[in-house]
Amino acid sequence: MDFSLTPEQQSLRDKVIAFARAEIGADAAEHDRAATFDREGWARCAEFGVLGWTVPRAYGGSELDPVTAMVAHEAFAYACRDNGLTFAINNHLWACVMYIVEHGTPEQCARYLPPLVDGSMVGAHALTEPQAGSDILAMTTRAERVGDTYVLTGTKCFISNGPVADLFTVIARTGDGPAQGALTLFIVPADLPGVQVVRDIPKAGLRGTLMGEIRFDDVVLSADHILGAEGRGYQIFTSTIEWERSFMFSAAIGAMRRVLDMSVRHAATRRQFGKPIGAFQAVSHKIADMRVRLEAARLMLYHVAWLKSQGRMALLECAILKVFATEGLIQTCLDAQQLHGARGYVSDLPIERELRDALAGTIYGGTSEIQRNVIASLVGVPAMS
Ligand SMILES: Cc1cc2nc3c(=O)[nH]c(=O)nc-3n(C[C@H](O)[C@H](O)[C@H](O)COP(=O)(O)OP(=O)(O)OC[C@H]3O[C@@H](n4cnc5c(N)ncnc54)[C@H](O)[C@@H]3O)c2cc1C
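Residues numbered from 1 in each chain as written. Predicted model: local features only at pLDDT ≥ 70, side-chain atom pairs only at ≥ 80, totals over all residues. Heavy atoms only, no water.

By the naming in an unreviewed UniProt entry, the chain goes by Acyl-CoA dehydrogenase and is assigned to Micromonospora parathelypteridis. Reading the Cofactor (unreviewed entry) entry of the UniProt record for the chain gives the comment "FAD". Checking UniProt for the chain, the heading Sequence similarities (unreviewed entry) contains the comment "Belongs to the acyl-CoA dehydrogenase family." (UniProt positions renumbered as here; feature names shortened; annotations may be inferred.)

A. Broad picture of the pattern of salt bridges. Scanning all chains against the criterion turns up 17 salt bridges. A salt bridge links D14 to R13, with the nearest nitrogen and oxygen atoms 3.3 Å apart. Relative accessible area serves as the criterion here: at 44%, D14 is assigned to the partly exposed category. R145 is the salt-bridge partner of E230, the closest N and O atoms lying 3.3 Å from each other. Here R145 lies in strand β2 (residues 142-146) and E230 lies in the loop between β8 (226-227) and α7 (233-247), a separation of 85 residues in the sequence. Residue class for E230 comes out partly exposed when judged on its relative accessible area of 38%. Relative accessible area serves as the criterion here: at 52%, R145 is assigned to the exposed category. Beyond isolated ion pairs, a larger network of salt bridges with shared partners links D32, R207, E352 and R356. (Salt bridge = Lys/Arg side-chain N within 4 Å of Asp/Glu carboxyl O. Buried < 20%, exposed > 50% of the residue type's maximum accessible area, 1.4 Å probe, protein only. Helix = DSSP H or I, 4+ residues; strand = E, 2+ residues; numbered from the N terminus.)

B. Fine view of the pairing of strand β3 (residues 149-160). Alignment of β2 against β3, held across 5 bridges, turns out to be antiparallel. Paired with V146 across the bridge in β3 is T149. Hairpin connection, β2 to β3: the antiparallel pair is bridged by 2 residues, and G147 has positive phi, about 60 degrees. Taken together, the 9 bridges between β3 and strand β7 (residues 211-222) define a ladder with antiparallel strand orientation. If you follow Y150 over to β7, its bridge partner there is L221. (Pairing = 2+ DSSP bridges.)

Rendered as structure tokens:
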């Protein structure tokens, strides 16, 4: 078993860190305060190639293998101070772009991937509904077949990138039969008649990613808007969600490392009772635990990347990674806040923002409770109905 990075991977990692530190994230506090999307930062990321690391060269990407791409995304998340921008990129990539990479026809790939890679299109994924959160099979959004077309009607909520999206991947009901076979995945351009952002949704953290409620009112879609095939939406969702539940959480590992760095610096420089506070075991052990969580989460992340590079399923490993990395990041942020004292609570330092950003991780992409259900059923506990 070889845990080392190749010279090419190390060089890419260093370049990504240098780029993200120098070119983006300087206005993170302002984007957080005003809840604004950093369009300029987005364009710079696209130009640097961030939006195409996992996309085939034929469509403008750089076709990195999963392990190398994970190295690059973790480095990006570590060095980009704007978690909102990182989250916008992650939603675009893992819940929109990768659906098309994995399940698009050559025509769909040629039409949508180049603008998604060059940043001229922003992607979003519309799954959740007011009455269908964890229980996605309860969804009521319908795409009714009318002749050669489908007519899409329904409301999706909590959609990241929704207010700025140019393209949605939408899961809708196309049948009344057994629930899983009744769902279909559609590519829906935001400029089609009937697509409407009905509400911007304010939130506690990740405020540099805009969130919206989206209504689809009699949106007419030709059959070439279907991803995969009619009735395959649930299967495509459950296979592609592995990207979302693994690569998306490279961001948690990057953030853990950034918060650890800040905590080490503070423990070494803040003096009380004539000593750096790091000399007190109650402080230094918090930092040791941060490092333990970072190390363990990173190993889980790279294990998943390796499984993906072997073309193997990683449903169990993704669920374990998601629970551990997101809950670990929250604990790391709480510990960092405590050891920074008042400075961790006020907005002069980014610690309180890191904590607000971290809190959402146990909710989106399937809650911690749902991940534990998945883990329990995959290790043999009788599945819930
Ligand atoms: C920051 C953020 C970004 C998001 N982005 C998107 C997006 O881009 N696209 C999109 O479609 N959705 C998005 N969502 C929505 C997200 O996927 C849902 O919030 C999530 O699936 C949970 O659904 P819910 O909020 O309706 O909670 P509910 O399903 O109502 O759950 C409420 C509570 O009950 C628990 N619970 C429910 N069922 C069970 C069960 N069977 N066993 C144990 N516990 C259970 C849950 O774990 C949770 O604690 C986003 C959410 C957030 C916070």
